[in-house]
2 protein chains.
Amino acid sequence: MTLTVMKFGGTSVADVEKIRRAAQRIEQKADLGEKLIVVVSAMGKTTDHLVELAGQISARPSACELDMLLSTGEQITSSLLAMLLKEDGYDAAALTGWQAGFCTDDTHGNAKILKIKESAISDYLEDQKIVVVAGFQGISQSGRITTLGRGGSDTSAVALAAAFKADLCEIYTDVAGVFTVDPRYVENARKLDEISYDEMLEMAYLGAGVLHPRAVEYAKNAKVPLIVRSSFTNEKGTVVRESVSMENKRAVKGLAFEKNVAKLTLLGLPDHEDTLSKVFNVLADRQINVDIIIQNSFQEKETNLSFTIDDASVPDAMEALNDAKTILGYSGMDIESDLAKVSIVGSGMASNPGVAAKMFAALNHNGIKVKMVSTSEIKVSAVIDESHLTSSLNVLHRVFELEGAVIVNQ
Amino acid sequence: MTLTVMKFGGTSVADVEKIRRAAQRIEQKADLGEKLIVVVSAMGKTTDHLVELAGQISARPSACELDMLLSTGEQITSSLLAMLLKEDGYDAAALTGWQAGFCTDDTHGNAKILKIKESAISDYLEDQKIVVVAGFQGISQSGRITTLGRGGSDTSAVALAAAFKADLCEIYTDVAGVFTVDPRYVENARKLDEISYDEMLEMAYLGAGVLHPRAVEYAKNAKVPLIVRSSFTNEKGTVVRESVSMENKRAVKGLAFEKNVAKLTLLGLPDHEDTLSKVFNVLADRQINVDIIIQNSFQEKETNLSFTIDDASVPDAMEALNDAKTILGYSGMDIESDLAKVSIVGSGMASNPGVAAKMFAALNHNGIKVKMVSTSEIKVSAVIDESHLTSSLNVLHRVFELEGAVIVNQ
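Residues numbered from 1 in each chain as written. Chains lettered and ligands numbered in written order. Predicted model: local features only at pLDDT ≥ 70, side-chain atom pairs only at ≥ 80, totals over all residues. Heavy atoms only, no water.

Caption draft 1: A look at the overall build of chain A. Of regular secondary structure, chain A possesses 12 helices and 18 strands. Expected size for 410 residues packed as a compact globule is a radius of gyration near 22 Å; at 23 Å, chain A falls within 12% of this value. A principal-axis box enclosing the C-alpha atoms of chain A has dimensions of 75 × 55 × 30 Å. Within chain A, the fraction of its 410 residues that count as buried is 54%. For chain A, long-range pairs separated by at least 24 residues make up 74% of all intrachain contacts whose partners lie at least 6 apart in sequence. Approximately 17600 Å² of chain A is accessible, and the part contributed by carbon and sulfur atoms is 47%. (Helix = DSSP H or I, 4+ residues; strand = E, 2+ residues; numbered from the N terminus. Rg over C-alpha atoms; globule rule 2.2 N^0.38 Å. Buried < 20%, exposed > 50% of the residue type's maximum accessible area, 1.4 Å probe, protein only. Contact = heavy atoms within 4.5 Å. Areas by Shrake-Rupley, 256 points an atom, 1.4 Å probe, with all protein chains shown as cover.)

Caption draft 2: Broad picture of unusual backbone geometry. Despite not being glycine, A:Glu401 has its phi angle at roughly 50°, a positive value. Tracing the chain through its elements places A:Glu401 in the segment after α12 (389–399).

Caption draft 3: Layout of the sheet that holds strand β5 (residues 113–116) of chain A. All names here are of chain A. One open sheet accounts for four strands, arranged β5-β4-β7-β8; its pairing is mixed. The open sheet terminates on both sides in strands that have one partner only, identified here as β5 and β8 (145–147). Between one strand axis and the next, the sheet turns through 45° on average, direction left out of account. Here three bridges tie strand β7 (residues 137–140) to β8, and the two strands are oriented antiparallel to one another. Looking at the pairing, glycine 138 lines up with threonine 146 of β8. Along the sheet, helix α3 (residues 63–87) contacts β7 and β8; its crossing angle with β8, the most-contacted strand, is approximately 75°. (Pairing = 2+ DSSP bridges. Axes fitted to C-alpha atoms, helices over the stretch in contact; angles between N-to-C directions.)

Caption draft 4: The pattern of salt bridges, seen in detail. Residue and element names in this part refer to chain A. Counted by the stated rule, this structure contains 36 salt bridges over all chains. The residue glutamate 65 makes a salt bridge to arginine 144 at a minimum N-O spacing of 3.2 Å. Pair noted here: glutamate 65 is in helix α3 and arginine 144 is in the loop between β7 and β8, with a separation of 79 residues, a long-range link. On the basis of relative accessible area, glutamate 65 is assigned to the buried category, the value being 0%. Look at arginine 144 and you get buried, because its relative accessible area is 10%. One salt bridge connects glutamate 319 with arginine 286, and the closest N-O pair in it is separated by 3.1 Å. Separated by 33 residues along the polypeptide, glutamate 319 in helix α9 (residues 314–323) and arginine 286 in the loop between α8 (275–285) and β14 (293–297) bring together distant segments of the chain. The network of salt bridges with shared partners includes Lys29, Glu34, Glu170 and Arg229. (Salt bridge = Lys/Arg side-chain N within 4 Å of Asp/Glu carboxyl O.)

Caption draft 5: Inspection of the domain arrangement of chain A at higher detail. Along its sequence, chain A is organised into domain 1 (3–174) and domain 2 (255–399). Each of domain 1 of chain A and domain 2 of chain A has a C-alpha centre, and the two are 37 Å apart. (Domains from an automatic or database assignment.)

Caption draft 6: Quick peek at helix α1 (residues 16–31) of chain A. Residue and element names in this part refer to chain A. Over its 16 residues, α1 runs 22 Å from end to end, which matches the ideal 22 Å to within 8%, given 1.5 Å per residue. Listed as buried for α1 are Val16, Ile19, Ala22, Ala23, Arg25, Ile26, Glu27 and Lys29. Between the side-chain oxygen at the start of α1 and the backbone nitrogen of glutamate 17 there is a gap of 3.1 Å, and the oxygen is on aspartate 15. One or two steps after α1, the chain reaches glycine 33, where phi turns positive at roughly 85°. (Expected span 1.5 Å × (residues − 1). Polar contact = N/O pair within 3.5 Å; in protein donor to acceptor, adjacent residues only side chain to side chain.)

Caption draft 7: Expanded view of the layout of surface pockets. All names here are of chain A. Taken as a whole, the second largest pocket holds about 1700 Å³ of empty space. If you go around the second largest pocket, you meet 45 residues; those closest to its centre are Arg150, Gly151, Gly209, Val210 and His212. Where the lining of the second largest pocket is concerned, the elements lending two or more residues are α2 (46–57), α5 (152–163), β9 (168–173), α6 (197–205), α7 (213–222) and β13 (254–270). When its residues are assigned to classes, the lining of the second largest pocket shows 19 nonpolar, 16 polar and 10 charged. When residues of the lining of the second largest pocket are sorted by domain, at least three fall in each of domain 1 (3–174) and domain 2 (255–399). (1 Å grid on protein atoms, 1.4 Å probe; cavity = no way out; pocket = protein on both sides within 12 Å on 5 of 7 lines; lining within 4 Å. Points joined across faces, edges and corners; volume = space filled by probe spheres on them. Nonpolar A, V, L, I, M, F, W, Y, C, P; charged D, E, K, R; others polar.)

Caption draft 8: Layout of the pairing of strand β16 (residues 332–345) of chain B. All names here are of chain B. In this structure, strand β13 (residues 254–270) lies alongside β16, joined through 11 bridges in antiparallel fashion. Considered in β16, the bridge of glycine 254 is made with valine 345. In this sheet, strand β18 (residues 379–385) lies alongside β16 in antiparallel orientation, the contact comprising seven bridges. The partner of valine 342 across the bridge, within β18, is alanine 382.

Caption draft 9: Just the confidence of the model for chain A, in detail. Residue and element names in this part refer to chain A. On average, residues of chain A carry a pLDDT of 90, and 95% of them reach 70 or more. Long-range and interchain partners of residues 405–410, a stretch whose pLDDT sits below 50, account for five contacts in this model, where long-range means more than four residues apart. Scored as a whole, the predicted complex attains pTM 0.83, and scored at its interfaces, ipTM 0.80. (pLDDT = per-residue confidence, 0-100.)

Caption draft 10: Up close: the sheet that holds strand β11 (residues 226–230) of chain B. Residue and element names in this part refer to chain B. Spatially, β3-β6-β2-β1-β9-β11-β12-β10 is the arrangement adopted by the eight strands of the open sheet, whose pairing is mixed. The open sheet has two free edges, formed respectively by β3 (92–95) and β10 (194–196), since each of these has just one partner strand. Mean inter-strand twist for the sheet, computed between neighbouring axes without regard to direction, equals 20°. Along the sheet, helix α6 (residues 197–205) makes contact with β10 and β12 (238–241), crossing β10 at roughly 85°.

Caption draft 11: Local environment of the relation of the copies chain B and chain A. Note on the copies: chain B fits chain A at an RMSD of 0.1 Å, the axial shift is 0.0 Å, and the rotation between them is 179°. Given the turn and translation reported, the copies of this chain are related as if by a two-fold rotation axis. Using C-alpha coordinates, one finds that chain B approaches the rotation axis most closely at B:Thr72, a distance of 2.8 Å. A shared interface surface links the copies, since 100% of the contact residues of chain B are contact residues in chain A too. (Least-squares fit on C-alpha atoms with pLDDT ≥ 70 in both.)

Caption draft 12: Structural context of empty space enclosed by the protein. In total, this model carries one cavity of 30 Å³ or more according to the counting rule given. Empty space within the largest cavity amounts to approximately 40 Å³. Residue lining of the largest cavity: A:Gln75, A:Thr96, A:Trp98, A:Ile145, B:Ser71, B:Gln75, B:Thr96, B:Trp98, B:Gln137 and B:Ile145, and that is the complete set. In the lining of the largest cavity, the residues fall into four nonpolar, six polar and no charged.

Caption draft 13: The environment of A:Ser62, seen in detail. Along the chain, A:Ser62 falls in the loop between α2 and α3. Taking relative accessible area as the criterion, A:Ser62 reaches 16% and is therefore assigned buried. Distance from A:Ser62 to A:Leu50, taken between C-alpha atoms, is 14 Å for residues 12 residues apart in sequence. With sequence-adjacent residues up to four places away left out, A:Ser62 is seen in contact with B:Met83 and B:Lys86.

Caption draft 14: Region of interest: the pairing of strand β17 (residues 372–376) of chain B. Residues and elements named next belong to chain B. With five bridges connecting them, β17 and β18 associate as antiparallel partners. Residue pairing in the sheet places threonine 375 in a bridge with valine 380 of β18. Counting the residues that bridge the hairpin from β17 to β18 gives two residues.

Caption draft 15: Looking closely at the packing of aromatic side chains. Residue and element names in this part refer to chain B. According to the stated counting rule, one finds seven aromatic pairs over all chains in the structure shown. Centre to centre, the rings of phenylalanine 8 and tyrosine 172 are 4.7 Å apart; their planes meet at 10°, and the pair counts as stacked. With a gap of 164 residues between them, phenylalanine 8 in strand β1 (residues 3–8) and tyrosine 172 in strand β9 (residues 168–173) connect regions that are remote in the sequence. Each member of the pair phenylalanine 8 and tyrosine 172 is classed as buried. Each ring, one from phenylalanine 280 and one from phenylalanine 307, has its centre 5.5 Å from the other, and the planes form 75°; the classification is edge-to-face. Remark: phenylalanine 307 occurs in strand β15 (residues 302–310) and phenylalanine 280 occurs in helix α8 (residues 275–285); sequence separation between them is 27 residues. There is no split in this pair, since phenylalanine 280 and phenylalanine 307 are both buried. (Phe/Tyr/Trp six-rings, centres within 6.5 Å; stacked < 30°, edge-to-face > 60°.)

Dropping the structure here:
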């Protein structure tokens, strides 16, 4: 018998009317005799409201109590959805994370799933019940409620699909699938039928926003086939899986981007082996995430070091680096804000050496200056002025023929 | 070392500001070195909001899922309160009902506490933590979240006080204690310093509304000393305990009342031994609660039966009785609505035979007609027209000298 995990995100359960639509999808599958585990996020703005309540109490609320607070959001959705399924005559059971057997470590706010006690859910499945699980949460070994952090409900769904060897894990969201590029930026963005885990991972890390990279990694490791699809239409969605059929092996599969990028350059750093670790320790101590790093040694004793961070982290980073100026021994600092990172992603890229050159040439021909570059086996990222973001996405979408067979608007 | 259980009701934790005031009370006690278990209700209107959400889904939502939904209310309060205590530098731990060891039967919506696993809380107490427990909830033997029904958080608090042999159980609420009569009706109502469990039980059952009778019964059985007091002032409150000092042994301790009472009379019922059980089974099948019952046999073969129910139950009751007219065999039905029940309560009453007569005389002298009477060892109830409610309460308050030593406004 087919076992499917269905996950509905916050916008797909934003109000009772939307929960009703989610229930209809579930019931259609149940009518086909499928065994179903459903994972839900908190309703629309519920989590924001709870965070705001906690914010009234403390600027840094206790992580353990914050988890207990936030976990109520998904608990509310799961009980409402199960209530509705029962009202419609389907047998269902709503479970919190701990009731569903999610055992995690005790990193409150960003807990890692250690194991899923399958007996918790399998009894309900054997009773022919639709199991509705509150996503995003679990319980630590010391018996406290934990939450899984960003992308937590996606991860809950994938983890359940892996534990129960589900035939499929469907991620219902507010977009129709994974696109070659964000349709708000490029008019003829195209929905992909398929994408590999690795490509999806790069797209996810690079800000495509549809699926959290953590959930994709989990799916890749457990070989769980995913489908990303809209909860509001009957479109097919995008399949994320290991082996993608050959005709889809284009060099470039899609574009991703990030806005609000800032580039910091430290000039005249001493060229010692511990310079890099010293600099990035200073930043790590302030919880500042560094993305692209470029080091140029240009004389024997000195080096320039550039890296990108979030625009929002610039004041913190400047303060940290100023405080550590004597220890780090640099001579000057340069900051560029309002930058963006544009990336081309595709697993065919590794065997296609001309791809990066083609990207830079296209940007160059259109007057877009590339300020930094970073590459991996399946992506090339370029840092540019944010003002050039839309034009660069359109240029690259055209140059790499991402519109598909039918090219409109040209 | 003193162990106190403190319970804060919905109005005492209605918003973050009120939670802050509750926290200050808790901290004052913690500063004295007391061990503390705190029980909280849901914030103000939270439960109403959740019930309304469920109401959008079903007129009769699944009780099991409704419990899971409603239990989030107290979970939210307990995490916010513990967060605040920690913010103020006190060590605290928020626990849900199941985390606090509340094992119940599986009567969802009205679960009975079977036992409290003390180890759950005692570890935290040993760690010198203030334990903040979500009231009103527990977990069934099949692992589902249950709620304890009306007065549930009071019951949670008393049950914890009993399990941990607490020195005191303080019930913080929005009134200053237990009054001789509702101060909204009688100007010189007086706050009682002490009241016995049995008197409190009658007051509670008769609608005094301060403490739920179930919690009082629990306290009586476990001999837990209770204090009912305001969370907004430093007034002393009312002590509820077994032995009340002799000077307080007045015949009448206080007045209680209920509004929205209706009286139904079935005329010409056959005078068989199973008539009463048949009638009340018909009503019980529709979940209609019957309060006072009076039967008058006035000929050999027939009897008249009167009883009181809620005004709101009248249409249901009429339908049920009409449907069963042939089976029950009565000849006519009479209905009086807009009645009220007024009661005098006091444990000195049993040894004071003139009390009921004094009550009826006082009402009679003031032109208030008594329509039905019911008595127990420690109370006398009279059903009157609701339009006479305020005047009857004032008359009785004066006649039984409930104002205390100082009589104002006369």
